[in-house]
Protein chains: 2
Amino acid sequence: MRAVDIIIKKRDKGELTREEIRFFVNGLSTGRIPDYQAAAWAMAVLLNGMTARETTDLTLAMAQSGEVLDMSDVVKIAVDKHSTGGVGDKTTLVVLPAVAACGLPVGKMSGRGLGFSGGTLDKMESIPGYRVDLSIEEFERQLKEIGVVLCGQSKNLAPADGKLYSLRDVTGTVQSIPLIASSVMSKKIAGGAHAVVLDVKVGNGAFMTNLNEARELAALMVKIGELAGRKVVTLLSDMNQPLGCAVGNALEVREAIDTLHGDGPADFREHCLHVAAHMLVVGEVASTLEAGHALVERSLADGSAFAKFQQLVQAQGGDVSYVDNPDTFPRARLVQTVDAPRSGYVERVQAKIVGEASVALGAGRAKKTDPVDHAVGFVIHHKVGDKVRAGEPLFTVHANDQKKLEEAAASVLAAHELDDFPVPPMPLFYE
Amino acid sequence: MRAVDIIIKKRDKGELTREEIRFFVNGLSTGRIPDYQAAAWAMAVLLNGMTARETTDLTLAMAQSGEVLDMSDVVKIAVDKHSTGGVGDKTTLVVLPAVAACGLPVGKMSGRGLGFSGGTLDKMESIPGYRVDLSIEEFERQLKEIGVVLCGQSKNLAPADGKLYSLRDVTGTVQSIPLIASSVMSKKIAGGAHAVVLDVKVGNGAFMTNLNEARELAALMVKIGELAGRKVVTLLSDMNQPLGCAVGNALEVREAIDTLHGDGPADFREHCLHVAAHMLVVGEVASTLEAGHALVERSLADGSAFAKFQQLVQAQGGDVSYVDNPDTFPRARLVQTVDAPRSGYVERVQAKIVGEASVALGAGRAKKTDPVDHAVGFVIHHKVGDKVRAGEPLFTVHANDQKKLEEAAASVLAAHELDDFPVPPMPLFYE
C-alpha cells in the first residue's frame, strides 16, 4: 500500500477502505507518512468528503493510535460531554460538579481557547494553583475518590488526531465536517467514553455558522456513535449571542460559581440544566429528562453541586479560598461600563465580535505561545429581546491597557444592535 | 499575507491575485512556506482549478524564481520544443539537429524518464561519454558555436517549479492541467524561449488519455503564451501505440540515427518532419509549413542533419564512433523475437503496456535512484492497421534477464490485439 495511491483515491472521490484508513493513520502516527502527504489528503477529504463508514474508521483508527482508557471499574457508564466551542461557554464548570453531585462520576479532558472561542482549561487556571496536567493514574484515582475530574487532554490519547489537528490548522483544512467529527469522537473514545452528550453550537460565534452544517455534524457524530458502539446524544444550541453574561476567564469562573449557588444568568442556568439532565439520562441515573432536571436543580439548591466544585478544585491543587470568596479573584486595573447610546430592543449581540474583542484584550491567544490574561473580558448586561433605555449600562469592560480598552469597548458597542420595535428572544436550543 | 489564507481562498474556489500567487511561489522557493502548505494548496488547485490568468501568473512567478536566460544575441527567435511524453518518443534526437542544420540555432533542456514514459536524457546517455549536465555558460557557448545543444534542466532555472514538481509527484497532484501547463511553460520561459512548439500526446500511453483533456491543456498553453508574450504552437499527436518501432534507450538512439540518415519508420519520420517544419515556421526560417517540410527533408537527404547530430554528440563529450557505427552499441544479452500467434490485422499495440514492460526490463526507473539499463527494450515490428500472418515476427525483446524477458514478452504480446477484419491505421495527429 502506498500513501500516494490513497491520496489519489480520495482525490478521485473514491471511498477508502478500513485498511487504507488504518494504513494512513498509522503512517501519520509513526511519521512514515510525511506531513505533506497528510496535508494533500486532508484537502482532498475536505473537498470530496467521506462517508459515515469512512469517518467512523478514521475515528477508531485515531482513537487506537495511542492509549485507550477503560473506566469500567470506576463507573458503570462513562459519560462525557463536548461543546464545539463558543463565546462565554463555561457550561462544563457547572455541569461537571452538578452531575457528579447527582451520583454520576464524570471525568473530562478539555482544551484551551481556539481563535475567538474560549477554553475550559484557561478558565480553570484563573484559580491559582489549579493543575490541568494530570497523569492517567491521577485521573483514574481522582475519579474513583471524588467522582469528578477536569483536566487537559493527555498526549497519550489519540496522538494521531493531535498530529492531524495541528496540520489542519495551518493548511486550511479545519472546516471539514468528517474531520471535525472524527477529531472530537476519537478523543472521546480514547478517553473511554461509553456515552457522549454533544453540544453543537450554531451561530456567528461558533465554528458552524448555519443550522444545516450543524445538523450535518450532529447527525454524523450520532452515526459514528452507532457504528462504533457508543451512545451519542446531540444538542444544537444557539451561539449568535454569548452564553450567559461573562466573557473572559476569571469573569466566567465567577459566573459559574454564581450558577452553582443557584443564581447566575437565566439563559446559562437553563443551558446547564439541560446538558446535565441529558448526561444523567444517558448515564442511567435519571430515567427521564424531567427527572434529570429535577435532580440537577436540587444539587444547585442544596449546595451539593457547589461542594463538588470545591472538592474538584482542591483535588487538583487549586486555592479554594478563591472559590469561597470570588471577590478575591484579581480584578483588571481598568473597569469601565458602557451605556446604551439610545433606547430600544436588543436585536443582536454578535458573539464572534465579543469573542474577538476578548482575545484582543488578552483573554485568548493570537499565537499558541501567547500568555493569557485571566482578569480581562466583558460582562454583557442584556440579552437579545431585552428592552434597554438610553444611558442604562449595556456592558462592562475589564482591561489592563487603556488603548485596548477603548478599542474593545468600541467593537463590543458595535456588536450590539438596537431596534425600535420589540424583538423576540433567541432560542437556547434549536431542536 | 498568510499562506493559509491563500490555501483557504483556493479551497473555497476563489481566484488568486497575482500578488497572492507571487507570495506563494516566493515562499516555496525560499522555504518560508513549508511543503505541507504547498501540498494542501496543490490539491486545492487540482480539485478547484485555476483560470488562464492565474495559471499565467503562476508560470511567470515560477519562471522568475531563478535565473532567466536571454539568448537574443545568439539567436533572433529562440525556439524550443516540448513533448508531454510518451512511449518511443525520440523526436528531439532527430528534430534538433535537423532544425539546426536548416539554419535555426536551437538549445534544449530535457528531462529523464518518468513513469512508463521514456526520457531524452536517458536516451542520449546511451552514447558513452555524452554529458547532459552543462553549465549555463557552456550552453550559451555551444549554442553560439554549433547551433545545437541538448542537455539537462539547469537547477538554476525555475527552481520553484522543481520543488513543486517533486512534491506533486508524491501527493497525487500531478494530474492538474493548470499545474502541468505552468510547469512546462515556466521552464521554457526561464530558458529564454520566444516561441515554443508543444507536442501534446494523447492516448493510453500518454499523461492525457483523452482528446478533451489534451485539447484543454493545449488551449491553456497557447493562452499562457499569449498572456506572457510568447508564441506557442500546439500539436495533438497520437500516443495509443508507440511512436516508431524502437522502445528503450540505445534502441531508440539507433532508430533516430536511421531516421537522420533518411530511413527510419515512416510514422516516426513523418512526425519529426511535421514538428521540425513548425519550428522552422515559428523561427521564421521557413514562411510556410510546406517550405519547412521541404527544408527538413533536404537536411535528412543531404546528410547535414546527421552531421549536426555528430557535432552535437562530439561537443558534449560523446563517443562519435557509436553514432557512426550503431552496431557498436552494446546489445542486451538476450534477444528474442516473438511471432504472431495467428493471422489478422493489428487493431491495437497498447503503448502504456509496452512502456511499462520496458521499465520492468530496466529501461526506466521504478524509483528515482534506480540505474537505467540502456541496452534493453523492444522493437515493435507492426503498426495498427498492418496485416500480419501467423508465425511472422510481431516484436523483438532485448533483455538482460531471462525471467524479466519472459514476463515482458508476455505483457507485450498481450498489448497486441489482432482482428479478423481490416483496421484503419491510427492518425499521427489529431488536429
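For clarity, every value in this text was computed on a predicted model and none was experimentally measured.

Residues and elements named next belong to chain A. Ordered in space as β6-β9-β11-β7, the 4 strands form an open sheet in which the pairing is antiparallel. The open sheet is flanked by β6 (246-247) and β7 (334-339), the only strands paired with a single partner. Sheet strands in contact with helix α17 (residues 402-415) are β7, β9 (377-380) and β11 (393-399), and its direction is about 150° off that of β11.

A separate point is helix α1 (residues 3-11) of chain A. For α1 of chain A, the complete set of buried residues consists of Ala3, Val4, Ile6, Ile7, Lys10 and Arg11 of chain A. Axial view of α1 of chain A: buried residues confined to an arc of 160°, hence all on one face. Buried residues along α1 of chain A sit against α2 (18-30), α3 (35-48) and α4 (52-63) of chain A together with α3 (35-48) and α8 (159-171) of chain B. Downstream of α1 of chain A by a residue or two, lysine 13 of chain A has a phi angle that is positive, lying close to 70°.

Before going further, it helps to spend a moment on the relation of the copies chain A and chain B. When chain A is fitted to chain B, the best match, at an RMSD of 0.1 Å, comes from turning it 179° and sliding it 0.1 Å along the axis. Here the symmetry operator amounts to a two-fold rotation axis. Every residue of chain A has its C-alpha some distance from the rotation axis, and the shortest such distance is that of tyrosine 36 of chain A, at 2.0 Å. When the interface residues of chain A are mapped onto chain B, 100% of them again fall at the interface, so both copies present the same face.

Let's shift gears to the pairing of strand β8 (residues 344-349) of chain B. Both faces of the sheet carry side chains from a regular strand, because those side chains alternate between them. Residue and element names in this part refer to chain B. Where β8 lies against strand β10 (residues 387-388), 2 bridges are found, and the strand directions are antiparallel. Bridge pairing in β10 links glycine 344 to valine 388. Judged from the 4 bridges that link them, β8 and strand β12 (residues 416-419) form a sheet pairing that is antiparallel. Pairing of valine 346 across the sheet is with leucine 418, part of β12.

On the surface, Glu67, Asp70, Asp73, Glu137 and Glu140 of chain A cluster together to form a negatively charged patch. Assessed through its relative accessible area of 49%, aspartate 70 of chain A is described here as partly exposed.

Turning our eyes to something else, we now look at the interface of chain A and chain B. A common measure of how large an interface is: the accessible area buried when the components associate. Taken together, the contacts link 21 residues of chain A with 21 residues of chain B. Together chain A and chain B conceal approximately 1,600 Å² of surface at their shared face, both sides included; 75% is due to carbon and sulfur atoms. Applying the counting criterion to the chain A and chain B interface returns 0 salt bridges. Counting across the interface, chain A meets chain B through 4 residue pairs in polar contact (both at pLDDT 80 or more). Where the side of chain A that touches chain B is concerned, the elements lending two or more residues are α1, α3 and α8 (159-170) of chain A. Looking at the side of chain A that touches chain B element by element, the count peaks at 10 residues for α3 of chain A.

Right, let's talk about the packing of α1 of chain A against α3 of chain A for a bit. Residue and element names in this part refer to chain A. Interhelical geometry of α1 versus α3 gives an angle of 20° and a closest axis separation of 9 Å. Taken together, the axes of α1 and α3 lie roughly parallel to each other. Crossing geometry of α1 relative to α3 is assigned as left-handed. Within the contact between the two elements, α1 uses Ala3, Val4, Ile6, Ile7, Lys10 and Arg11 and α3 uses Gln37, Ala40, Trp41, Ala44, Val45 and Asn48. Grouping the amino acids of the contact of α1 with α3 by side-chain chemistry returns 8 nonpolar, 2 polar and 2 charged.

A few words on unusual backbone geometry. Residue and element names in this part refer to chain A. Even without being a glycine, lysine 13 presents a positive backbone phi close to 70°. You can see lysine 13 is positioned in the loop between α1 and α2. A relative accessible area of 62% places lysine 13 in the exposed class. A positive phi is found at glutamate 284, a non-glycine position, where the angle reads about 60°.

Our focus in this paragraph is the confidence of the model for chain A. Looking at chain A as a whole, the pLDDT averages 95, with 100% of positions reaching at least 70. Predicted complex, confidence summary: ipTM 0.85, pTM 0.87.

The subject of this paragraph is the packing of aromatic side chains. All names here are of chain A. Tallying each qualifying case throughout the model produces 8 aromatic pairs over all chains. Residues phenylalanine 378 and phenylalanine 395 carry aromatic rings whose centres are separated by 6.4 Å and whose planes lie at 65° to one another, so their mutual orientation is edge-to-face. A residue pair is termed long-range when its members are at least 10 positions apart, and phenylalanine 378 in strand β9 and phenylalanine 395 in strand β11 qualify at 17 residues. The ring centre of phenylalanine 268 lies 5.0 Å from the NZ or CZ of lysine 90, which sits over that ring.

All names here are of chain A. Topologically, threonine 337 is positioned in strand β7. Distance in space between the C-alpha atoms of threonine 337 and methionine 185 is 41 Å, their sequence separation being 152 residues. Those residues in contact with threonine 337, other than ones at most four positions away along the chain, are Pro393, Phe395 and Thr396.

This brings us to the environment of phenylalanine 139 of chain B. Residue and element names in this part refer to chain B. Checked against the element boundaries, phenylalanine 139 lands in helix α7 (residues 136-146). Spatially, the C-alpha atom of phenylalanine 139 lies 6.6 Å from that of valine 149, the residues being 10 residues apart in sequence. Those residues in contact with phenylalanine 139, other than ones at most four positions away along the chain, are Met71, Gly107, Lys108, Met109, Leu134, Val149 and Cys151.

All names here are of chain A. Considering the arrangement of structural elements, one finds valine 349 in strand β8 (residues 344-349). Taking the relative accessible area as the measure of exposure, valine 349 reaches 1% and is therefore buried. Counting along the chain gives 63 residues from valine 349 to valine 412, while the straight-line C-alpha distance between them is 8.1 Å. Ignoring anything within four residues of it in the chain, the contact list for valine 349 reads Asn240, Gln241, Pro242, Val354, Ile380, His382, Val384, Ala415 and His416.

Looking now at the packing of helix α16 (residues 351-361) of chain B against helix α17 (residues 402-415) of chain B. Residue and element names in this part refer to chain B. Following both chains from N to C, one finds α16 and α17 inclined at 175°, their axes separated by 9 Å at the closest point. Judged on the interaxial angle alone, α17 and α16 are roughly antiparallel. Residues Ile353, Val354, Ala357, Ala360 and Leu361 of α16 pack against Lys404, Leu405, Ala408, Ser411, Val412 and Ala415 of α17.

All right, on to the side chain of glutamine 241 of chain B then. All names here are of chain B. Summarising the element assignment, glutamine 241 is placed in the loop between β5 (231-238) and β6 (246-247). Engagement of the side chain of glutamine 241 in a polar contact is seen with the backbone nitrogen of valine 384, the distance being 2.8 Å. Aside from chain neighbours lying at most four places away, what touches glutamine 241 is Val349, Ala351, Lys383, Val384 and Met426.

Let us look at the state of the cysteines. Residue and element names in this part refer to chain A. In total, this model carries 0 disulfides over all chains according to the counting rule given. Sulfur of cysteine 245: no disulfide; nearest cysteine sulfur belongs to cysteine 272 and is 13 Å away. Residue cysteine 245 is classed as buried on the basis of its relative accessible area of 18%.

Reading guide: rules and limits
Position labels on residues start from 1 in each chain and follow its written sequence. Following the order in which they are written, the chains are lettered starting with A and the ligands numbered starting with 1. Local features in this predicted model are restricted to residues whose pLDDT is 70 or higher, and side-chain atom pairs enter the listing and the counts only when it is 80 or higher, whereas totals over whole chains, interfaces and linings include all residues. Neither water nor hydrogens contribute to the side-chain values; these are computed over all heavy atoms in the structure. Pairing between strands is defined by DSSP: at least two bridges between the two strands are required. Numbering of helices and strands starts at the N terminus; helices are DSSP runs of H or I of at least 4 residues and strands are runs of E of at least 2. The contact definition used throughout considers only heavy atoms, calling two residues in contact when any of these lie within 4.5 Å. In this analysis, axes come from line fits to C-alpha atoms, helices being fitted only over the stretch in contact, and the angle between any two N-to-C directions falls in the range 0 to 180 degrees. Think of it in three bands: residues with accessible area under 20% of the maximum for their type are buried, residues over 50% are exposed, and the middle band is partly exposed, with areas taken using a 1.4 Å probe on protein chains only. In this description, the arc belongs to the directions extending from the helix axis to the C-beta atoms. Least squares is used to superpose the copies, and the fit set is the C-alpha atoms of residues whose pLDDT is at least 70 in both copies. Here, patches come from residues exposed beyond 30% relative accessible area and free of salt bridges, joined within 9 Å for like charges and within 5 Å for nonpolar side chains (Val, Leu, Ile, Met, Phe, Trp, Tyr). Accessible surface is estimated by sampling points in the Shrake-Rupley manner with a 1.4 Å probe; for residues, cover comes only from the protein chains shown. In the sections that follow, a salt bridge refers to a side-chain nitrogen of Lys or Arg positioned within 4 Å of a carboxyl oxygen of Asp or Glu. By the counting scheme adopted, Arg and Lys are positive, Glu and Asp are negative, and His together with the chain ends is not counted. A single reference atom marks each charge: NZ on Lys, CZ on Arg, CG on Asp, CD on Glu. The quantity reported as buried area is the accessible area (1.4 Å probe) lost by two parts once they are put together, taken as the sum for both. Under the rule applied, a polar contact is a pair of N or O atoms within 3.5 Å (in protein, one hydrogen donor and one hydrogen acceptor; residues adjacent in sequence only if both atoms are side-chain atoms). An angle counts as roughly parallel when it lies under 35 degrees, as roughly antiparallel when it exceeds 145, as roughly perpendicular when it falls between 65 and 115, and as oblique in every other case. Each crossing is labelled by how the near helix is turned from the far one, with a counterclockwise turn of less than a right angle marking it left-handed and a clockwise turn marking it right-handed. Three classes are used, and their members are as follows: Ala, Val, Leu, Ile, Met, Phe, Trp, Tyr, Cys and Pro are nonpolar, Asp, Glu, Lys and Arg are charged, and the others, Gly among them, are polar. The predictor reports its confidence for every residue as pLDDT, a score running from 0 up to 100. Pairing of aromatic rings covers Phe, Tyr and Trp, the last counted by its six-membered ring, and requires centre-to-centre distances within 6.5 Å; plane angles under 30 degrees mean stacked, over 60 mean edge-to-face, and any other angle means tilted. Look at NZ for Lys and CZ for Arg. If either is within 6 Å of the ring centre and within 35 degrees of the ring normal, a charge sits over the ring. By definition, disulfides here are pairs of cysteine sulfur atoms that lie within 2.5 Å.

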